[in-house]
Each structure stands twice: as structure tokens, then as C-alpha cells.
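Observations on the model geometry
Here is how the chains run, residue by residue.
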Amino acid sequence: MIKEELWQAVLAQIQLNTSPANFATWFKDTKIISCEKGEVIVSTPNSFAREWLENKYGKTILKILRNLNEEIKKIKYIVEKAELKIFKKSFSSIHTEKLNGQLEFEQFTTDKETNLNQKYTFENFIVGPFNELAHAAAWAVSKTPGSVYNPLFIYSEVGLGKTHLLQAIGNAVIKSFPEKKVKYVPAENFTAEVIFSIRNHNIEKFKAKYRAIDVLILDDVHFLAGKEKTQEELFHTFNALYEKNKQIIFSSDCPPKAISFMAERLRSRFEGGMVGDISYPDYETRIAILKNKSQEKQVNFPDEIMDYIAANVQKNIRELEGALNKLTAFYKANKQIPNIETTKTLLKALLFSPEKAINSKKIIQTVAEFYDLRTKDLLSASRKKEIVKPRQIAMFLLREKLKSSYPFIGRKFGNKDHTTVLYACGKILKEIEKENNENLANEISLIRQRISSG
Ligand code: ADP
Ligand code: MG
């Protein structure tokens, strides 16, 4: 049996005894890369898949392999693509949008120096009552960086145009002031840079780099919640830039006050300039956005279809675009505009996706299943160690996924006090972020995947 067949046979048997979600989580992108002298080498895509395969499925896999080939004595699990890749990915300079693997839309490259993506401009940003203020402030900043609203802080829920607007400022500044050094950084990358600089003892280089910037755009700062070291570096960077009248622009998924686990001094910096929000687009604006985007894609959909999308996607412009992309893909593949019935079928998965159906029950259930507990145990008052931890994780995820309030979460878990919940969430965060508990972080990211995959 050649190694590909061998692994296929293993996967086939495992699949019989595992849930689809589990199977996808653990076995995706795994393969046998060699089988020699009784040793099989299995490659896995990342270190946590490796660990879990080894620890949780190791025995089963070995048993199946032995049944297929009794000479096999040992399995070695390796990570084929080095860990570095994850890090690199977040710095990747190519932006591609794949649609069901069928079509690739325009590929825009992001500029290596600025990290800006040229596709985000003021020209293709539709303004309506819901984003008027944020747009006006952004526009003003792009005309005279460093002198009007500093810092500029834009917040909204996901998919409503923060990144677009922030990058539009950057692109406009570059155009009007080519000598200015602009840098767009997702907060996640900023954190990674801080961590790597500390680890490699070149924080000075990091400091020098950030202090030479004229317009610093930091996207999604809510991501810094609980990351104390990064917050500290940001605080110093902010002060250094601010003193020199350099422009700083932030975005977040909530107003500064509502970002949890954020140092007070940083929060007050966030609030020190102009804070603007983006709310939900009204119906007219949704139609305008759809029309504009379909023009860009050079497809003309009838009003009935535009109306159907605008009526069903109300709170997320990315989803509006996603719907349009899907219909465009259909059009390109079939050379035909879908009718309304086909449209409904095509958009069903998108409009009524499992991500939308996430609720507290589902989160609690997923956590319970993950740790082989009953939901009842998780909700009980038991102080047993093997229950306390999963319960804290469930609280943490309720907070993260649903933004539930602490008292709400407390009530879910048998009327616990909100301070208990606060403690639980803080503790989990601290273990992941500060104490670098990798196992815990991996477990939680797997639970997240399961919650999202239904
Ligand atoms: P956020 O950063 O708030 O999650 P994005 O900026 O990524 O949202 O926006 C999601 C998608 O919607 C992007 O493709 C963006 O170009 C588009 N978009 C958002 N707001 C507008 C707008 N006002 N006009 C045109 N396109 C928009
Ligand atoms: Mg964004």
C-alpha cells in the first residue's frame, strides 16, 4: 500500500467514529509523508493539531495502521509548515478573495512600506447618515494630518467600513503628501511585533521604527484587550508621536469606554481627540452600496435582486458584498443573471449561516462536549477542578462571542455574581496572554472553531 492510500484508509476509519466537525478540525491537511522501517511520519498543519493527534488520537491511529501493515511500530507527528508561517501570514502582502474556490476576484497588493491596500479609497466609500460623521472626520484628517482630530478613533461593529475608512485616509495622505510616512497596522500585527521584538531583544529597533511615522493607523485596537505589554508599548509610541503632532488613527469594535481590559491611561488617550461611530446603513444606502459594487464588478442585477439582498442583509456591509460576490460568481459561471428563486437558494447559506445561530446555549454545549462534561455540570455550582476550568472558559467565550454582559452571564450560570464572571474572564485571558498557556489557547481556539462550524 502506498503511503497516500494508507493515510486514506486511516482517515476513512477515523471518520466513521468522529463527528464531521471534529474530523475537519483535527485531520484537515494531514498526510503521511514517509513510511520507512516501521516508522510512519505524519505531517500536520500546526503544532496544536500535532499535539492533539498525538495525544488524543495517537493510539487509535497506530492501531488502525498496524491492522493495515503490521510492520508499523511507531508514528512520528511533525508540523510540516513551520510555525513561522502563521506569523508571516498576518504580514502577508497579497490580498485575495476566493469564492468557493471557483473564482478569484481582483488581487490587490498591499504596499510593503505602508501596508495600505489601494482598493480602499474615499472615492469608493459610500456615505450615508449612518457613517457621515466618521467619514467627515476621516476626510478632514486626510487633508491636514496631525492638526485637526488627533487621535481619531472610529468604532463600529464588524463589517461596517472601519478598515475601509482608515485605509482611505492613509491612501489619501500618501497622494497629497508623498513625503509623509504612513503606516497601517492591524492591532494583531502590532502585538506580534511587540512580542517578537521583546523576544529578540530588539525593542529599540521597534521603537525607532514606530517613532519615525507621520501617520500611524492602528486597526482593531479592541484586540489589545488584556495585552498589557503591548498596551504599554502603544502608550509610549502614542505619546512620542502625539508630542510631535503626528497623526494617530484608531479603530475598534466598541467605544473606548467599553473596551475591556484596557489600561486606563490608554483609554483616556483614545478619547482625547475625536471619537466617531459608524452605525447600520439604512435601506437607501444599502441599495447604493450594492449598485456601486455591482458596477465595479460590471454586472447589472435587476432591482428585484438588489432589493432582496438589501432587505435581508441589514447590519453588515461585508455581507452585502459577499452576497453580491456569490451572485456574480454564478453569473460568470453560467453567463446568466440568476432569477429571484435561484438568488434565494444561492444566498441561503450566507444569509442564514451557522455563525448567525450562535447563542449562549450552543456555546455552553460546545464547551461541555469538548471537555466530555454534561451541560448540567457546567451550569452547576460544583467546585471540582475539572468543571471549574471549563466553566470559566464558557463564560469567557460567552463574553467574547456574544458580548454578553457580566451579570447576564452570571445569571446563565445559576445566578452567579457578576464579579465571579469578571474574575473568570480575566483569569482565562491572563493565562492565555500573560502566562502564555499555549495548551489553553489552543483548546479555546478549537472550541471557537467548533462553535462556528456548527
Ligand atoms: P470593518 O473594518 O468595520 O469590519 P470593512 O472596512 O472591512 O469593515 O468593510 C467591509 C467591507 O465593506 C469592505 O469590503 C468595504 O470595502 C465595504 N464597505 C464598508 N463600508 C463601505 C462604504 N461605506 N461604502 C462602500 N463599501 C464599504
Ligand atoms: Mg476591519
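Located above this text is the structure these notes cover.
Everything quoted here is computed from the prediction, not taken from an experiment. (Residues numbered from 1 in each chain as written. Chains lettered and ligands numbered in written order. Predicted model: local features only at pLDDT ≥ 70, side-chain atom pairs only at ≥ 80, totals over all residues. Heavy atoms only, no water.)

1. Details of the sheet that holds strand β8 (residues 152–155)
Pairing within the open sheet is parallel, and its five strands lie in the order β9-β10-β11-β8-β12. With partners counted over all chains shown, the strands left at the sheet margins are β9 (182–186) and β12 (274–277), one partner each. Ignoring which end each strand starts from, the neighbouring axes of this sheet average 15° apart. By the bridge criterion, four bridges tie β8 to strand β11 (residues 247–252) in an arrangement that is parallel. Following the sheet pairing, Phe153 is matched in β11 by Phe250. (Pairing = 2+ DSSP bridges. Helix = DSSP H or I, 4+ residues; strand = E, 2+ residues; numbered from the N terminus. Axes fitted to C-alpha atoms, helices over the stretch in contact; angles between N-to-C directions.)

2. Some thoughts on the packing of helix α12 (residues 303–312) against helix α13 (residues 317–334)
Contact geometry of α12 with α13 gives a least axis separation of 10 Å together with a crossing angle of 145°. The handedness of the crossing between α12 and α13 comes out as right-handed. Of α13, the residues touching α12 (which contributes Ile305, Ile309 and Ala310) are Leu320, Ala323, Leu324 and Leu327. Residues belonging to the contact of α12 with α13 are distributed by class as follows: seven nonpolar, no polar and no charged. (Left-handed = near helix turned anticlockwise from the far one by under 90°. Contact = heavy atoms within 4.5 Å. Nonpolar A, V, L, I, M, F, W, Y, C, P; charged D, E, K, R; others polar.)

3. Considering the site of ligand 1
Looking at ligand 1, there are 18 residues lining it, with Ile126, Gly159, His164, Arg318 and Glu321 nearest. Within the backbone of Gly159, one N or O atom sits 2.7 Å away from an oxygen atom of ligand 1. A distance of 2.9 Å is found between a nitrogen atom of ligand 1 and a side-chain nitrogen or oxygen belonging to Lys293. With the chains in place, 95% of the 550 Å² that ligand 1 exposes on its own is no longer accessible. Only α6 (162–176) and α13 provide two or more residues apiece to the shell around ligand 1. Here the shell around ligand 1 spans two domains, and each of domain 2 (132–278) and domain 3 (283–352) adds at least three residues to it. (Near = heavy atom within 4 Å. Polar contact = N/O pair within 3.5 Å; in protein donor to acceptor, adjacent residues only side chain to side chain. Areas by Shrake-Rupley, 256 points an atom, 1.4 Å probe, with all protein chains shown as cover. Domains from an automatic or database assignment.)

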